[in-house]
Each structure stands twice: as C-alpha cells, then as structure tokens.
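# Working through the structure, step by step
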Amino acid sequence: IALLIFTIIYFLIVLYLCLNPNKMIDRIGSLLTPLLLVTILAMIIKGFIDFGSNAPGEGNTKLFHSSFSGFSQGFTQGYLTMDAIAAIAFSMIVVNAIKATGIKHSDKIFKQTVIAGLIAATALIFIYISLGFIGNHMHITSGKMKELTANDQNIGTYLLTTMAAKGFGTFGKYLLGIIVALACITTACGLIVSVSQYFHRVFPKISYKVYVILFTLISFIIANQGLNSVISMSVPVLSIVYPIAITVVLLILVARFIPTKPIAQQIPLLIVAIESIFSLITTQGWFKISFIDHLPLKQHSLEWFPIAVIATILGYIISYFVKQDFIVYQKEDNNN
C-alpha cells in the first residue's frame with residue numbers, strides 16, 4: 001500500500017513535468033539539480049567522516065578476485081542505472097535547450113554539448129568513486145553477507161541505508177529517499193519526454209500528451225513490481241541493449257572526426273547486436289552456443305567490447321569498397 005501511494009504521488013509529479021517539455025529543463029535545472037547536489041554532497045561528506053578512517057573491510061575485499069573483476073562487475077552493474085541509454089534519449093532535449101539560446105551552428109552546438117557532458121561526467125565520477133570508497137570502508141561481516149543473500153536483499157541498498165542511518169539517524173533514511181527520488185525524476189522525465197516525442201513524430205495522429213500519459217502509466221505499473229523484480233526483468237534486456245548503446249555512442253564520436261559511411265556503422269552494430277543476443281541465450285541457459293564461452297572477457301561479461309572494436313575496423317575497411325555518401329554533419333540547423 002505504501003509503495004502504491006508513493007508511486008501515485010511520484011508519477012503525478014513526473015507527469016506534470018513532462019506535459020510541457022519546453023519548461024522541463026528550466027524546472028529541473030533551477031530546482032531539482034541544486035537540491036539533488038546539496039543532498040548528495042551532505043551524504044558523501046558525512047560518509048567520509050563516519051567511515052573514511054576505517055581500514056577496508058576484509059569481507060568487502062573478498063567480493064572480487066581481482067581489481068579487474070571489481071571493475072568489470074561495477075561496469076556491468078552500471079547497466080542498471082540506465083545512464084547511457086538515458087543520455088542518448090536525453091541528448092536531444094539538451095541539444096534543443098542549447099538551440100533555444102540562439103546557437104545554431106553544429107560546431108558550437110557540439111562544443112556546448114561536450115562541455116555539458118564533461119560537467120555531468122565529472123560530477124558522476126566524483127559521486128560514484130566517493131560512494132565506492134565509503135562502501136569499501138564499511139565493514140560487512142560474513143554473517144551479514146549471508147543474511148543479505150538469503151533474504152535476496154540488494155547489497156548496495158544495504159550499504160546506502162546503513163551510511164544514511166549512521167550519519168543522520170532517522171533523518172538519514174529520509175535524506176536518502178530524497179536523493180533517490182530526485183535522481184530518478186530527472187531520468188524518468190528525460191526518458192518519457194524523449195520517447196513520447198519520438199512516437200509522436202512517427203505516429204503524429206496521436207498527440208504528444210497522450211503518449212506522455214501512456215508511458216507514465218506503464219512506468220507506474222512497472223515500478224509497483226518492486227526493486228528486485230524490476231532488476232530481474234531489466235537485466236536480460238539491458239545485457240542486449242547496453243552494448244549496442246555504448247557502441248552507438250562510440251561510433252558517433254568516431255564519425256565526428258573521421259569520414260564515415262553508413263555501412264561502417266551498420267556492420268559493427270549488427271555484429272554487436274547478434275553477439276549480445278547469442279550471449280544472453282547462452283547465459284540464460286536457453287540454448288548452448290559453445291563458441292560464446294570462449295570469447296575474450298566472457299568471464300567478465302565484456303566479451304562484446306573486443307568484438308565491437310574488431311567489427312568497427314572491419315566496417316571501415318569494407319566501407320572503402322562500397323559506394324555510399326559519407327555522413328555529413330550539417331553546419332546550420334535544418335532539423336537533421
């Protein structure tokens with residue numbers, strides 16, 4: 001009942017913000033972002049004070065067999081944040097906000113977007129490294145680890161709630177709730193607005209507001225399944241979508257500086273998509289595809305990356321033998 005009441009209020013706020021996307025950036029930028037940054041900084045500073053002087057927990061270090069294992073697990077667990085997918089969807093809102101200031105030249109738009117991206121990346125790096133450092137200095141006993149595993153509780157959630165309770169008492173749980181709610185509102189708004197705009201462009205007979213209401217309602221229903229259910233549903237999908245999304249981002253950046261034909265992008269995307277699907281089928285045990293288990297970095301769930309690099313090189317080689325126009329970035333805004 002509590003989850004239902006909370007999500008009703010939460011998605012009514014999301015719906016209000018999304019119904020007028022032209023004002024959404026101002027609303028998020030002027031109110032939500034400063035409040036989010038202040039609450040996160042308060043949590044991190046208090047976490048350093050409470051746990052920063054501790055030695056790394058012995059139980060924590062046994063979570064990973066090597067530093068690369070820690071990196072790879074952190075990298076793949078990061079899929080669940082959906083930051084990269086949200087960034088692709090949210091990027092057009094950022095670009096349109098830049099255009100609204102009067103900047104039309106593509107090079108200037110690119111420069112402003114890069115600056116905004118670097119600011120966001122720097123903030124995220126600081127937040128994640130700080131939380132990782134604090135979490136590594138919070139001692140988790142073997143008994144507590146077994147209890148969390150037995151009760152199917154998320155370890156990250158336990159660390160965050162413990163840090164909040166230790167630093168701010170009962171108020172800390174509310175502070176953590178505010179942080180998570182604000183962080184998710186920005187992502188939810190960005191995704192709902194961008195997806196609604198996309199479908200309205202493809203099927204213009206249905207109004208933008210109807211799409212916003214529809215996708216907000218779908219999000220509301222999914223949210224009421226609970227965190228672990230959402231994660232279990234998301235992991236198979238994200239294991240396919242995320243390698244493709246990261247490859248898309250990298251290919252777009254390369255095309256910005258190297259003359260590129262469409263086929264040079266299509267080949268690596270197709271190969272990465274096929275490999276990701278095969279990898280999911282093998283991992284889930286639906287069907288055994290033997291060569292997947294022998295791919296480099298398979299044990300770290302990063303087998304798609306060397307394949308993406310090789311496929312990109314292959315794509316550029318093939319593109320030299322294919323008659324296609326190069327991808328051109330327009331110098332003036334013409335909606336391309």
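Note that residues are indexed from 1 along each chain, following the sequence as it is written. This being a predicted model, a pLDDT of at least 70 is required before a residue's local features are given, and a value of 80 or more before pairs of side-chain atoms are given or counted; all residues contribute to the totals for chains, interfaces and linings. Computation of side-chain values: all heavy atoms of the structure, hydrogens and water removed.

### With respect to the confidence of the model for the protein chain
Residue-level confidence of the predictor is what pLDDT reports, using numbers from 0 through 100. On average, residues of the protein chain carry a pLDDT of 83, and 90% of them reach 70 or more. In the predicted structure, residues 332–336 sits below a pLDDT of 50 and forms five contacts with residues beyond four places in sequence or in another chain. Contact criterion: two residues are considered in contact whenever any of their non-hydrogen atoms come within 4.5 Å of each other.

### Some thoughts on the packing of helix H1 (residues 2–18) against helix H10 (residues 208–223)
Relative orientation and spacing of two packed helices are given, respectively, by the angle between their axes and the distance between those axes. Fitted lines through C-alpha atoms give the axes, limited to the stretch in contact for helices. The angle between two N-to-C directions lies from 0 to 180 degrees. Starting at the N terminus, helices and strands are each numbered in turn, a helix being any DSSP run of H or I of at least four residues and a strand any DSSP run of E of at least two. At a minimum axis distance of 10 Å, the contact between H1 and H10 shows a crossing angle of 155°. Looking at the two axes, H1 sits roughly antiparallel to H10. Viewed along their axes, H1 and H10 form a crossing whose handedness is right-handed. Along its contact with H1, which presents Leu-3, Leu-4, Thr-7, Ile-8, Phe-11, Leu-15 and Cys-18, the element H10 presents Tyr-208, Val-212, Ile-213, Thr-216, Ser-219, Phe-220 and Ala-223. Of the residues that constitute the contact of H1 with H10, the class distribution is eleven nonpolar, three polar and no charged. Small angles under 35 degrees read as roughly parallel and large ones over 145 as roughly antiparallel, with 65 to 115 read as roughly perpendicular and the rest as oblique. In this scheme the handedness of a crossing depends on how the near helix is turned from the far one: anticlockwise by less than a right angle means left-handed, clockwise means right-handed. As a working rule, the residues Ala, Val, Leu, Ile, Met, Phe, Trp, Tyr, Cys and Pro are called nonpolar, Asp, Glu, Lys and Arg charged, and the rest polar, with Gly in that last group.

### Some points on the environment of Gly-156
Mapped onto the elements of the fold, Gly-156 is located in helix H8 (residues 155–168). The cut-offs for exposure are 20% and 50% of the maximum accessible area for each residue type, with area from a 1.4 Å probe on protein chains only; residues under the lower value are buried, those over the upper are exposed, and the others partly exposed. For Gly-156, a relative accessible area of 32% corresponds to the partly exposed category.

### Considerations on a nonpolar patch on the surface
Residues form patches when they are more than 30% accessible in relative terms and have no salt bridge. Like charges link within 9 Å. Nonpolar side chains (Val, Leu, Ile, Met, Phe, Trp, Tyr) link within 5 Å. In these tables, accessible area is a Shrake-Rupley quantity obtained with a 1.4 Å probe, and a residue counts as shielded only by the protein chains included in the view. Take a side-chain nitrogen of Lys or Arg and a carboxyl oxygen of Asp or Glu: if they are within 4 Å of each other, that pair is a salt bridge. A cluster of nonpolar residues, Ile-88, Val-249, Leu-250, Leu-253, Phe-305, Val-309, Ile-313, Ile-317, Tyr-320 and Phe-321, forms a patch on the protein surface that exposes about 980 Å² of accessible area. Checked against the element boundaries, Leu-253 lands in helix H11 (residues 227–257). A relative accessible area of 41% places Leu-253 in the partly exposed class.

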